[in-house]
Amino acid sequence: MINADEIAGILKQQIASFNTAVQEDEVGTVIEVGANLARIYGLRGVRASELVEFHNGLQGVALNLEEDNVGVVIMGDDEDIKEGDKVRRTGRIASVPVGEALLGRVVNPLGQPVDGKGPIETKKYRTIENVAPTVVQRQGVKQPLQTGIRAIDALIPIGKGQRELIIGDRSTGKTAIAVDTIINQKGKNVFCIYVAIGQKNSTVAALAQTLEQKGAMDYTTIVAVGPSESAALRWIAPFAGCAMGEELMYQGKDVLIIYDDLTKHAQSYREMALLLRRPPGREAYPGDVFFLHSRLLERAAKLSDELGAGSMTALPIIETQAGDFSAYIPTNVISITDGQIYLTPELFFQGIRPAVNVGLSVSRVGGSAQTKAMKSVAGQLKLELAQYRDLAAFAKLASDLDKATQMQLMRGEKLTELLKQPQYQPMAMEDQVAIIYAATNGYVNDIATPRLQNWASGFIEFLHSKHPEIPQAIASSGQLADDTKQKLNAAITEFNKSF
């Protein structure tokens, strides 16, 4: 039996719920294309940094909003795009997938995996450009972020939420410092993001392999863009990495982000700006290249307790040409960051590695980001090294030196030797304190300088096997108490007798 009332009821319901809304798409036309850039006519309502979609599914970012056209950078290969093609607004600002699902993965600047481990399971997205936390939303940098490198943790300390520049010529060990810092975060609940801008694919693969072997890949994301890829992808990479880090920071977590390196980033931006016919300034960079890096680096912060007290520490890397750190991009980034670690080829080729020039390096946060134990031994170390540098320059000119000067030079040489450290061997804070304490208190004066590295590794081994309570006391309290000092003195004397 057909029930007429039932059919009428269904029809009424369908008519009532019938949606007559019209979907309106704003569509423009490509009037010029080349070098991964397109000029588009007709997108009158497009916003800055909005994603637009080409007919073949490729996306672009609106960068130049001019009176009669829009300059768009294409995120990929522009071979299939030609004049007259239609382009659609998406209404979305450029964004990347974020969240803990990205940890342990190698992704491109669009957040797509490039490590062959399958898709990334995350539903969360974050815009690549975000406003940096305000003064009220921040707190002072006061917790140390240990790099595990004696020369840095003692003399140029880095705190959580700081921006510390690593600067130097090519092949002076800039990336090595960054990688050692990532490895040293194992078990410290710090998430790491390494942004490789224009690095060779083989270099990135080797880096990922090293981190995997050291067990550091579990808490690390690598954002990689090769030198053969478009300038647009190289330009977007650090912002994408920063957005991934920000997501974790606002969840109350600690993040370390490394931009390797911002020189290539600035060059990519210059390439795009010149092709978009933006007026060139000094060294042909566009006028807003300072703003490009300042709005990126200002996003690193130590958030206030109300916002969860998360932090993002940035280690940007800048490559100089023949040691000229008064060039445009180096001076820009030096003025934005809270200090710099300056590496020189002279020290590198003398075998002093990491090749940190202690005289030119500085941390503008300094001792407030050090544990009390490290602070107590680092003061004496800084003083002795400063005196040694002055005397070493003077000693080259003088032929006969008095006993006190010779003693000072000998101590300086020994301290310099003890600050050398092999790559991929970061050291715990308590072990660093023990070694620096022994060196600054004259316990290594009778040991031949070439044997000091053996002495340091042997002493740490001895300390952990025979007197484990000493490093444990330093690590748990963060201080070098008087009773711990007495135990340490006795342990050093005991070890030196057998050494």
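Here, every reference points to the structure presented above.
Just so you know, these numbers come straight off a predicted model, no measurement behind them.

**Student:** Tell me about the packing of helix α12 (residues 429-440) against helix α15 (residues 482-498), and please be specific about residues and values.
**Tutor:** One way to put it is that α12 packs onto α15 with a least axis distance of 11 Å and a crossing angle of 70 degrees. By the angle class used here, α12 and α15 are roughly perpendicular. The segment α12 lies against α15, with Ala-434, Tyr-437 and Ala-438 engaging Lys-485, Leu-488, Asn-489 and Ile-492. By residue class, the composition of the contact of α12 with α15 is five nonpolar, one polar and one charged.

**Student:** How would you explain the nonpolar core if you had to name every residue and give the values?
**Tutor:** Ile-222, Trp-235, Trp-455 and Phe-459 are the most contacted members of the largest nonpolar core, which has 128 residues in total. It is helix α5 (residues 231-249) that provides the largest number of residues to this core, a total of 13 residues. Ignoring sequence-local partners within four residues, the contact set of Trp-235 consists of Val-61, Leu-63, Val-73, Met-75, His-265, Ser-268, Tyr-269, Met-272 and Leu-292. Val-52, Phe-54, Ile-74 and Ile-81 belong to the second largest nonpolar core, which has 13 residues in total.

**Student:** Can you lay out the packing of aromatic side chains for me, pointing to particular residues and giving the numbers?
**Tutor:** Overall, the coordinates contain eight aromatic pairs when judged by the stated rule. On the numbers, 5.9 Å between centres and 55 degrees between planes, the contact of Tyr-285 with Tyr-328 is tilted. Pair noted here: Tyr-285 is in the loop between α6 (262-275) and α7 (289-297) and Tyr-328 is in helix α8 (residues 328-336), with a separation of 43 residues, a long-range link. The pair Tyr-285 / Tyr-328 is uniform in exposure class, with both members buried. One aromatic cluster in this structure is built from Trp-455, Phe-459, Phe-462, Phe-495 and Phe-499. Stacked on the ring of Phe-348, the Lys or Arg Arg-353 has its end atom at 4.0 Å from the ring centre.

**Student:** Describe the pattern of salt bridges, listing the residues and the values that go with them.
**Tutor:** Applying the stated rule across the entire model yields 24 salt bridges. A salt bridge links Asp-85 to Lys-82; the shortest N-O distance between them is 3.8 Å. Overall, the relative accessible area of 9% leaves Asp-85 in the buried class. Overall, Lys-82 belongs to the exposed group, its relative accessible area being 52%. Ionic pairing is found between Arg-126 and Glu-247, a salt bridge with its closest N-O pair at 3.4 Å. Pair noted here: Arg-126 is in strand β9 (residues 125-127) and Glu-247 is in helix α5, with a separation of 121 residues, a long-range link.

**Student:** So what's going on with α7? Which residues, and what values?
**Tutor:** The element α7 is largely enclosed, with a buried count of seven among its nine residues. All of the buried residues along α7 are Val-289, Leu-292, His-293, Ser-294, Arg-295, Leu-296 and Leu-297. Where α7 is buried, its residues contact α5, β13 (254-260), α6, β14 (311-319) and α8.

**Student:** Before we move on, could you go through the sheet that holds strand β4 (residues 59-65) and cite the residues and values that matter?
**Tutor:** The sheet built from six strands closes into a barrel, its strands ordered β1-β2-β5-β4-β3-β6 with antiparallel pairing. Strand-to-strand, the axes of this sheet are offset by a mean angle of 45 degrees, without reference to chain direction. Bridge count for β4 against strand β5 (residues 70-74) is five bridges, and the pairing is antiparallel. Opposite Val-61, over in β5, you have Val-73 as the bridge partner.

**Student:** Let's hear about the sheet that holds β13: which residues, and what values?
**Tutor:** Strand order in this open sheet of eight strands is β8-β12-β11-β13-β14-β10-β15-β16, and the pairing throughout is mixed. The outermost strands of the open sheet, each flanked by one partner alone, are β8 (106-107) and β16 (362-363). Bridging between strand β15 (residues 339-343) and β16 involves two bridges; their strand directions are antiparallel. Opposite Gly-339, over in β16, you have Ser-363 as the bridge partner.

**Student:** How would you sum up the pairing of strand β1 (residues 27-34)? Please name residues and give values.
**Tutor:** Note: β1 against strand β6 (residues 86-93), three bridges, orientation antiparallel. If you follow Gly-28 over to β6, its bridge partner there is Val-87. Relative to strand β2 (residues 37-41), β1 runs antiparallel, the two sharing five bridges. Looking across to β2, one finds that Val-30 is bridged to Ile-40. With antiparallel pairing between neighbouring strands as the criterion, β1 and β2 make up a hairpin whose turn holds two residues, including Ala-35 at a positive phi of roughly 55 degrees.

About the cut-offs
- Residues numbered from 1 in each chain as written.
- Predicted model: local features only at pLDDT ≥ 70, side-chain atom pairs only at ≥ 80, totals over all residues.
- Heavy atoms only, no water.
- Axes fitted to C-alpha atoms, helices over the stretch in contact; angles between N-to-C directions.
- Helix = DSSP H or I, 4+ residues; strand = E, 2+ residues; numbered from the N terminus.
- Parallel < 35°, antiparallel > 145°, perpendicular 65-115°, else oblique.
- Contact = heavy atoms within 4.5 Å.
- Nonpolar A, V, L, I, M, F, W, Y, C, P; charged D, E, K, R; others polar.
- Core = buried A, V, L, I, M, F, W, Y, C linked by side-chain atoms within 4.5 Å.
- Buried < 20%, exposed > 50% of the residue type's maximum accessible area, 1.4 Å probe, protein only.
- Phe/Tyr/Trp six-rings, centres within 6.5 Å; stacked < 30°, edge-to-face > 60°.
- Lys NZ or Arg CZ within 6 Å of the ring centre and 35° of its normal.
- Salt bridge = Lys/Arg side-chain N within 4 Å of Asp/Glu carboxyl O.
- Pairing = 2+ DSSP bridges.

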